[in-house]
Amino acid sequence: MKYVDEYRDAARARSLASAIGAEVVPGSAYAFMEFCGGHTHAISRYGIEDLLPPAIRMIHGPGCPVCVLPVGRIDAAIALARNPRVTLCTYADLMRVPASKGDSLQKAKAAGADIRMVYSTLDVLAIAAAEPSREVVFFAIGFETTTPPTAIAVQRAAAEGLANFSVFCNHVLTPAAMRAILATEGEEGVRLDGFVGPAHVSTIIGTEPYRQVAAEYRKPVVIAGFEPLDVMQSILLLVRQVNEGRAEVENQYIRAVRPNGNERAQAAIAEVFALRDRFEWRGLGWVPHSALRLRPEHARFDAEVRFGLETPSASDNPACECGAILRGVKRPAECKLFGTACTPESPMGSCMVSSEGACAAHWTYGRFRMPARLAS
Amino acid sequence: MDLSHGAGGRAMAHLIADLFQAEFGNEYLAQGNDQAAFDVAGGRMVMTTDGFVVSPLFFPGGDIGSLAVHGTINDIAMAGARPLYLTASYILEEGLPLADLKRIAASMGRASRDAGVPVVAGDTKVVERGKADGVFIATAGIGVVPAGLRLSGDLARPGDVVLLSGPIGDHGVAIMSCREHLSFDTAVLSDSAALHGLVAAMVARAGSGLRAMRDPTRGGLAATLNEIAQQSGVGILLREAAIPVRPQVAAACELLGLDPLNVANEGRLVAIADRQAAPALLEAMRGHPLGADAVEIGEVVEDADHFVQMITGFGGGRIVDWLAGEQLPRIC
């Protein structure tokens, strides 16, 4: 397969691993955060950490939009879905996320709520057009990667005069989250030497938005593709930057990321969405200018306006360490609930539900680290 | 299909005669009794039961009927047994087009004849519209185990090898290609097939070297190997580079963010065997059309945690866990 097999080549992995090992300064320790859940998944699925020298520690970041969604927002979506006139459409990952009182979209669906899994916002428009008597609501989540499809859907709905379509908007912004993490660093925050930057978010926003973050906090950002060789090459570039005292934005994912990003997508986002003053992130608390809502001129497509939605602040199980894990302060195994009360079958927090959450990735792929001698 | 077809009267009698007896055509059904009578060979018998609720009813490479025949035969065959007889019980939804039922019955009849395993007894019930998803089929099967052969999921021992009969993921991807909202063009056909011929070849060649066999259906290879690891109290170590996946299946899984290890198969088997017997078993498998791509994919190891682990194609290590529930496509 093109652009897939070449980027998973074991021989190249070995030579990159040697190169990284050779450039690591003896006696130094490096801590890099892979921001994006897709990178967490790649690192776990391919066992990349087995190929890195012990001096490098990878910290799992909050780039999993399912993981950072506060419980209150899921509660609101479930309440909306329970309205007999509403058809709630959602991406698959949200189905099992635990809300308050052990509820979830999947449980609400089993109890009769009209909740439908979709793969694309175009599916939602099709449902709305086909079922004009239903109030069709799209539960929109995601970083900048998934924001353009929502924007296009709203634009099309406006053009077609769809009267029964709306969006419950929970789109969040990457640079703001990076700042929030770096701002807490040093209190109980963990020392971070740089970021493996998000792949597909960057195809949308380009490389510019990271420059301010890199300059202000003096941390290198290397935008990395999702294949395991991309991740390893990016780690090599980060090690070099740290060694040379640089704090630049580098683009490793040149086959997909342009410096200006995707300008058409950016224009659609700007036309449909406005910045919220602040938004509550699971694990990061209230973060200013970190999320989007629909512009007032699109209020009829805004489910929060249309249904007068209230999103109470709901708290997690007190023993749940999702917050600390999302900030890179704790590892999954350091949470008392990990593997006992909290498993993929009975997730306590979002980190365990989404396959890209740090806890789910660790459970699924790395729960029992293999002895080095078994790796070829 | 209406409720009178299940009511036990003339309509039902006609349905059974015109449709089922016509398609399955064997001496047992022809007698028209509620049961089939046959002499029992001495020795060790196996019996299984299975339910089929697949949606859609018709998919690339098969349908619920052929799937029911293959799946039941395979459960028997995984014990190393020769399948003898099947039963099939139908729960039909009011409103099901009779043409669909005829198509399913014809497919089952064909699968049964091709496998040489007759459907000797059956039952038909009709329920109201909305109470069944078109057709549900429940089956039972019996078979006889060759003398001296005992296969079981709890017999895997450290040092044994793990053999796989062919590429994984075909059936699950074929099904998904039909599902609403996940449509894409793909040339993937379900691998649904009766495996008793392949099993017979393996048993004849090196049966004493076999420990356990299982077909990796729902939950895929990951679930099956985790089951065996738990049952036997061992660990399993796989080599990803050795596990065959067709390019189209791999591409579809890439697109959807699915792991082929978790995708259902309906015409493949996994065999745990004594290391010494592996070359002979592989030769026997590769000599059979359904085992042409048979390969060794790993080994059984000591492991107090009973994990299934894998050396990835990339060179690192990972756990191969079985899924909590349905595998869901990833969003980004």
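Residues numbered from 1 in each chain as written. Chains lettered and ligands numbered in written order. Predicted model: local features only at pLDDT ≥ 70, side-chain atom pairs only at ≥ 80, totals over all residues.

Re the sheet that holds strand E6 (residues 135–145) of chain B
Residue and element names in this part refer to chain B.
- One open sheet accounts for four strands, arranged E1-E6-E4-E5; its pairing is mixed. Looking at the sheet topology across the chains shown, the edges are occupied by strand E1 (44–52) and strand E5 (119–127). Across this sheet, the average inter-strand angle for adjacent strands is 10°, counted without regard to direction.
- Direction of pairing for strand E4 (residues 82–93) relative to E6: antiparallel, over a ladder of 10 bridges. By the bridge assignment, leucine 92 is partnered in E6 with valine 135. (Pairing = 2+ DSSP bridges. Helix = DSSP H or I, 4+ residues; strand = E, 2+ residues; numbered from the N terminus. Axes fitted to C-alpha atoms, helices over the stretch in contact; angles between N-to-C directions.)

Quick look at unusual backbone geometry
- For the bond running from serine 55 of chain B to proline 56 of chain B, omega is 5°, close enough to zero to count as cis.
- Relative to the elements of secondary structure, proline 56 of chain B occurs in the loop between E1 and strand E2 (58–59).
- A positive phi is found at lysine 101 of chain A, a non-glycine position, where the angle reads about 55°.
- One non-glycine residue, histidine 289 of chain A, lies in the positive phi region at around 50°.
- Mapped onto the elements, histidine 289 of chain A comes out in the loop between strand E12 (285–288) and strand E13 (292–294).

Some words on the domain arrangement of chain B
Residue and element names in this part refer to chain B.
- Considered domain by domain, chain B is made up of domain 1 (3–145) and domain 2 (161–319).
- Using only C-alpha atoms to locate each centre, domain 1 and domain 2 end up separated by 27 Å.
- Taken together, the contacts link 20 residues of domain 1 with 23 residues of domain 2.
- Those elements that place two or more of their residues in the side of domain 1 that touches domain 2 are helix H3 (64–77), E4 and helix H4 (98–115).
- Considering each element in turn, the side of domain 1 that touches domain 2 owes the most residues, eight residues, to H3. (Domains from an automatic or database assignment. Contact = placed C-beta atoms within 7 Å.)

Examining the packing of helix H6 (residues 147–160) of chain A against helix H11 (residues 263–272) of chain A
Residue and element names in this part refer to chain A.
- The N-to-C vectors of H6 and H11 enclose an angle of 60°; their axes lie 9 Å apart at closest approach. Classed by the angle they form, the pair H6 and H11 counts as oblique. Handedness of the crossing formed by H6 with H11: left-handed. Here H6 contributes Thr147, Pro148, Ala151, Ile152, Val154 and Gln155 to the contact with H11, which in turn contributes Ala265, Ala268, Ile269, Glu271 and Val272.
- Residue classes in the contact of H6 with H11 are distributed as eight nonpolar, two polar and one charged. (Parallel < 35°, antiparallel > 145°, perpendicular 65-115°, else oblique. Left-handed = near helix turned anticlockwise from the far one by under 90°. Nonpolar A, V, L, I, M, F, W, Y, C, P; charged D, E, K, R; others polar.)

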